[in-house]
Amino acid sequence: MNHAWEAVLLAEHNNRDRDSLRFVEADGASPYIEVSVTDLNAGEPEGDRVEINPLYRLGDVFGRLFDRNTDQMAQTRALFFDVCMHYIVQLDLREGLSREDYHCSLLSDDIRSGRYGRSAGERFALFGRQEQKQIVREYLHLLRTGNYQEAFRKAVTGLYTGALVYENNETAHELLVYLGTADTDTQRERAAFLRDMFLPVQETVHFFYENHFGIIGVDETMVVDEMVIF
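Residues numbered from 1 in each chain as written. Predicted model: local features only at pLDDT ≥ 70, side-chain atom pairs only at ≥ 80, totals over all residues. Heavy atoms only, no water.

Caption draft 1: Region of interest: the pattern of salt bridges. Going through the model one piece at a time under the given rule, you end up with 13 salt bridges. With a shortest N-O distance of 3.3 Å, Asp-109 and Arg-112 are connected by a salt bridge. With Asp-109 and Arg-112 both in helix α4 (residues 99-112) and 3 residues apart, this pair spans about one turn of that helix. Accessibility expressed as a relative area gives 39% for Asp-109, which makes it partly exposed. According to the relative accessible area criterion, Arg-112 is partly exposed, its value standing at 40%. It is possible to trace a salt-bridge network through shared partners that takes in Arg-123, Glu-189, Arg-195 and Asp-196. (Salt bridge = Lys/Arg side-chain N within 4 Å of Asp/Glu carboxyl O. Helix = DSSP H or I, 4+ residues; strand = E, 2+ residues; numbered from the N terminus. Buried < 20%, exposed > 50% of the residue type's maximum accessible area, 1.4 Å probe, protein only.)

This is the structure we're talking about:
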């Protein structure tokens, strides 16, 4: 964790909000790294306070703005420093932003703001940040190809390790989905979001959580007390 943008990415990877981080000038900053930390191998910032050496790579910009020999307007300077660092981090992260990343960001904002329905926005918040990125990428794939079953299958199997998606050969427009996770209200809401987001209205989906439904001829699914009769 050397640069400020690395600290932000690590925090977001652990489902923390970027806006919750507050950048402050480090008191005893190292001249060799931008982020002042006690443990160089830390997996994410400790707390919401991120200490920064403003002269590490931005000395030409911050040298006079944040002169340590000036002690006037301390609170204003601290607020301005935090705003500047958030803006610089955003610029850093956008340097490697592809067109698809940009579209994913816009789509995520639309879902969160309720443009796909209030319930969709509330259910979308039940997924972690990395899970949300995976969902919107598969949804963009759906918009490009129109293959809703493939997009739905990739989204489900990407989010749930060991998940299985079956198409019922006897009934048209019916899917059986085994998630392999605990049957909770949260998981039911997450499953409902995936169904509504990826599948057309005429498609019927039956979700199975902890226990797989029994399949004749497949012994692994016919274990007593570990199967669901469908």
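Caption draft 2: Summary view of the sheet that holds strand β4 (residues 174-178). Read from one edge of the open sheet, 3 strands run β3-β4-β5, paired in mixed fashion. Edge strands, defined here as strands with exactly one partner in the open sheet, are β3 (164-167) and β5 (204-208). Across this sheet, the average inter-strand angle for adjacent strands is 20°, counted without regard to direction. Looking at chain direction, β3 and β4 are connected through 4 bridges and run antiparallel. Within β4, the position partnered with Tyr-166 by the bridge is Leu-176. (Pairing = 2+ DSSP bridges. Axes fitted to C-alpha atoms, helices over the stretch in contact; angles between N-to-C directions.)

Caption draft 3: View of the nonpolar core. If you look at the biggest cluster of nonpolar residues, it comprises 30 residues, and the most contacted ones within it are Phe-152, Phe-193, Leu-194 and Phe-198. Residue assignment for this core shows that the elements contributing at least two residues are α4, α5 (118-124), α6 (129-145), α7 (148-159), β4, α8 (185-198) and β5. Leave out the neighbours within four places in its chain, and Phe-198 touches Ile-135, Glu-138, Tyr-139, Leu-142, Tyr-148, Ala-151, Phe-152 and Ala-155. Counting residues in hydrophobic clusters, the runner-up holds 17 residues, among them Ala-7, Ala-11, Phe-23 and Cys-84. (Core = buried A, V, L, I, M, F, W, Y, C linked by side-chain atoms within 4.5 Å. Contact = heavy atoms within 4.5 Å.)

Caption draft 4: Inspection of the packing of aromatic side chains at higher detail. Under the definition given, this model contains 4 aromatic pairs. Judged by centre distance (6.0 Å) and plane angle (85°), the rings of Tyr-116 and Tyr-139 are edge-to-face. Placement of the pair is Tyr-116 in the loop between α4 and α5 and Tyr-139 in helix α6, with a sequence separation of 23 residues. With relative accessibility at 36%, the residue Tyr-116 sits in the partly exposed group. Tyr-139 gets classed as buried once you look at its relative accessible area, which sits at 11%. Considering the side-chain rings of Phe-124 and Phe-193, the 5.6 Å spacing of their centres and the 35° angle between planes classify their relative orientation as tilted. Of this pair, Phe-124 sits in helix α5 while Phe-193 sits in helix α8, placing them 69 residues apart in sequence. (Phe/Tyr/Trp six-rings, centres within 6.5 Å; stacked < 30°, edge-to-face > 60°.)

Caption draft 5: Inspection of the environment of Asn-147 at higher detail. Its place among the elements puts Asn-147 in the loop between α6 and α7. A residue is classified by how much of its surface remains accessible, and Asn-147, at 35% relative accessible area, is partly exposed. Along the primary structure Asn-147 and Phe-198 are separated by 51 residues, whereas in three dimensions their C-alpha atoms are 9.5 Å apart.

Caption draft 6: Spatial organisation of helix α1 (residues 4-13). For α1, the complete set of buried residues consists of Ala-4, Ala-7, Val-8, Ala-11 and Glu-12. With its buried residues spanning 130° around the axis, α1 presents them on a single face. Of the surrounding secondary structure, the elements contacted by the buried residues of α1 are β1 (22-25), β2 (49-52), α3 (74-94) and α6. Positive phi shows up at Asn-15, right after α1, with a value of about 60°. (Arc of directions from axis to C-beta.)

Caption draft 7: Representation of the side chain of Arg-77 within the structure. Position of Arg-77 among the secondary structure elements: in helix α3. Within the buried core, Arg-77 has no salt-bridge partner, and the shortest N-O distance to an opposite charge, that of Glu-25, equals 4.0 Å. Other than its neighbours up to four places away in sequence, Arg-77 contacts Glu-25, Leu-65, Phe-66, Asp-67, Thr-70 and Gln-72. (Lys, Arg positive; Asp, Glu negative; His and termini not counted.)

Caption draft 8: Local environment of the packing of α7 against α8. Axis separation between α7 and α8 bottoms out at 10 Å; the angle between their running directions is 155°. Comparing their axes, α8 and α7 come out roughly antiparallel. The way α7 lies across α8 gives a crossing that is right-handed. The segment α7 lies against α8, with Tyr-148, Ala-151, Phe-152, Ala-155, Val-156 and Leu-159 engaging Leu-194, Arg-195 and Phe-198. (Parallel < 35°, antiparallel > 145°, perpendicular 65-115°, else oblique. Left-handed = near helix turned anticlockwise from the far one by under 90°.)

So yeah, pure geometry; function would need other evidence.
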